[in-house]
Amino acid sequence: MDDVLNGGPPWPTLPGLDYHAPEVYAFEQDAVFARSWMCVGRSEQLPEPGDYLTAEVAGESPIVLRGDDGVLRAFANTCRHRGTMLLEGSGSVRRVIRCPYHAWTYALDGRLAGSPNVHPEDGIDPTKMGLWPIRLEEWEGFVFLNLDGQAPALGEVVATQPDSPTELARYAVGELRVGGRREYDVAANWKVVVENYHECLHCPTVHPELVKIVPLYRSGEVEEEGQLLGNSMGHGLTSFTATGLSTLPTLPGLDEVDAHTFYGVYLFPNLILNYHSETVNAVTVVPVASDRTRVISEFLFRPETIAADGFDPTEVVEFRDLVARQDWHVCELVQRGVSSRFYTEGRYPRQEKWIAAFNRRYLDARGPLPPTS
């Protein structure tokens, strides 16, 4: 941590402009999002050949598609003929992708399969006109895309994170399935959302229900002494619910300490994982504009838990929804405040060292902004 932060507290925050200037957000598209492994969903969303979703990555809308061979692939969402967007939203294309403009068709592996009324004498070589591929890798059931052909492999990035989730492999996240979901439109920059996750000085004020479950949060701390990824809940408590207890079965492979501990992991730049005794809450942060972020919160359970009679994740989902809405309210207040002409930068005290570390990683990824004319 010390080598990341380069000195002790207080640390300077990012400049106010970094949170609201459209030119900064535009620069991030290529400098950060296009060069990072961006989480775009779960592979279980695409179970059958022809199933697809369109993602949002660095101003692009790449297609993630399940092939006839069962392999997930990603392609640029643009026809090789005249650049028409091919697909929107999510669904199934059955056997081919068909351009809505001139009906060029592409096989599920991206090959050009047909170009009506285009003949050999027109000089189009179909073997060279397949969809542009985009790098796709899966980790623990999550699908990641990277527009940079030179970026390190996803596994290397995950393993070398300061708070690497590889130490929590016992939760077997790849075997879990989505059993609950909430989606939010937050009027705040994506970095404001991420920074809020990394500190708990706000918890006593903003989350009175949460500090009853995790006593440590009353002091504004996010981790116990010697603990890197999480902290204990109150005596005998097992989850983030209104009572601090869960009626759902504990995940297999966890010990007694795990059953009463919350772990939190952030995968730069847009995936947050919250590990609980009975569920893993996956939060995907989707930057939309300099002052807007879409947040997708999914609750992962064992398949047999979801299939059991009477399965009801309400107690878990609604408590997290309460905490999330409390967070989004103050994040939106932060966004309005940092957009003021009077705000240049602030200071992080010791308890916000993880935000300072995130800022350093962000700046290392982004690099210097181009000079203004």
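The notes below deal with the structure included here. Source: prediction; values computed, not measured.

1. Considerations on the side chain of Arg366
Phase 1: Counting through the fold element by element, Arg366 comes out in helix H11 (residues 353-366).
Phase 2: Within the structure, the side chain of Arg366 is placed 3.1 Å from the side chain of Asp18, a separation counted as a polar contact.
Phase 3: Beyond its immediate stretch of four places on either side in the chain, Arg366 contacts Asp18, Val24, Phe27, Ala31 and Val32.

2. With respect to the packing of helix H5 (residues 190-197) against helix H10 (residues 314-338)
Phase 1: Where H5 contacts H10, the axes come no closer than 10 Å and their chain directions differ by 130°. It follows from the interaxial angle that H5 and H10 lie oblique. Crossing of H5 over H10 shows right-handed handedness. Seen from H5, the contacting residues are Val192, Val193 and Asn196; seen from H10, they are Asp327, Trp328, Val330, Cys331, Val334 and Gln335.

3. Observations concerning the sheet that holds strand S8 (residues 105-107)
Phase 1: Sheet architecture is open: three strands sit in the order S7-S8-S9, paired in antiparallel fashion. The sheet is open, and its two borders are formed by strand S7 (96-98) and strand S9 (112-114), each paired with just one other strand. Across the sheet, the axes of successive neighbouring strands diverge by a mean angle of 35°, strand direction being ignored.
Phase 2: Strand direction decides the pairing type here: S7 and S8, joined by three bridges, are antiparallel. Bridge pairing in S8 links Val96 to Ala107.

4. A look at the sheet that holds strand S13 (residues 230-232)
Phase 1: The strand order S12-S17-S16-S15-S14-S13 describes an open sheet built from six strands, whose pairing is antiparallel. The sheet terminates laterally at strand S12 (177-186) and S13, the two strands that pair on one side only. Taking the axes of each pair of neighbouring strands and ignoring which way they run, one obtains an average angle of 15° across the sheet.
Phase 2: As paired elements, strand S16 (residues 280-289) and strand S17 (residues 292-301) share nine bridges and run antiparallel to each other. Paired with Val283 across the two strands is Ser297, which belongs to S17.
Phase 3: Each of S12, strand S14 (261-267), strand S15 (271-275), S16 and S17 is contacted by H5, which is oriented at about 150° to S14, the strand it contacts most.

Rules behind the numbers
- Residues numbered from 1 in each chain as written.
- Predicted model: local features only at pLDDT ≥ 70, side-chain atom pairs only at ≥ 80, totals over all residues.
- Heavy atoms only, no water.
- Helix = DSSP H or I, 4+ residues; strand = E, 2+ residues; numbered from the N terminus.
- Polar contact = N/O pair within 3.5 Å; in protein donor to acceptor, adjacent residues only side chain to side chain.
- Contact = heavy atoms within 4.5 Å.
- Axes fitted to C-alpha atoms, helices over the stretch in contact; angles between N-to-C directions.
- Parallel < 35°, antiparallel > 145°, perpendicular 65-115°, else oblique.
- Left-handed = near helix turned anticlockwise from the far one by under 90°.
- Pairing = 2+ DSSP bridges.

On their own, these measurements won't tell you what the molecule is for.
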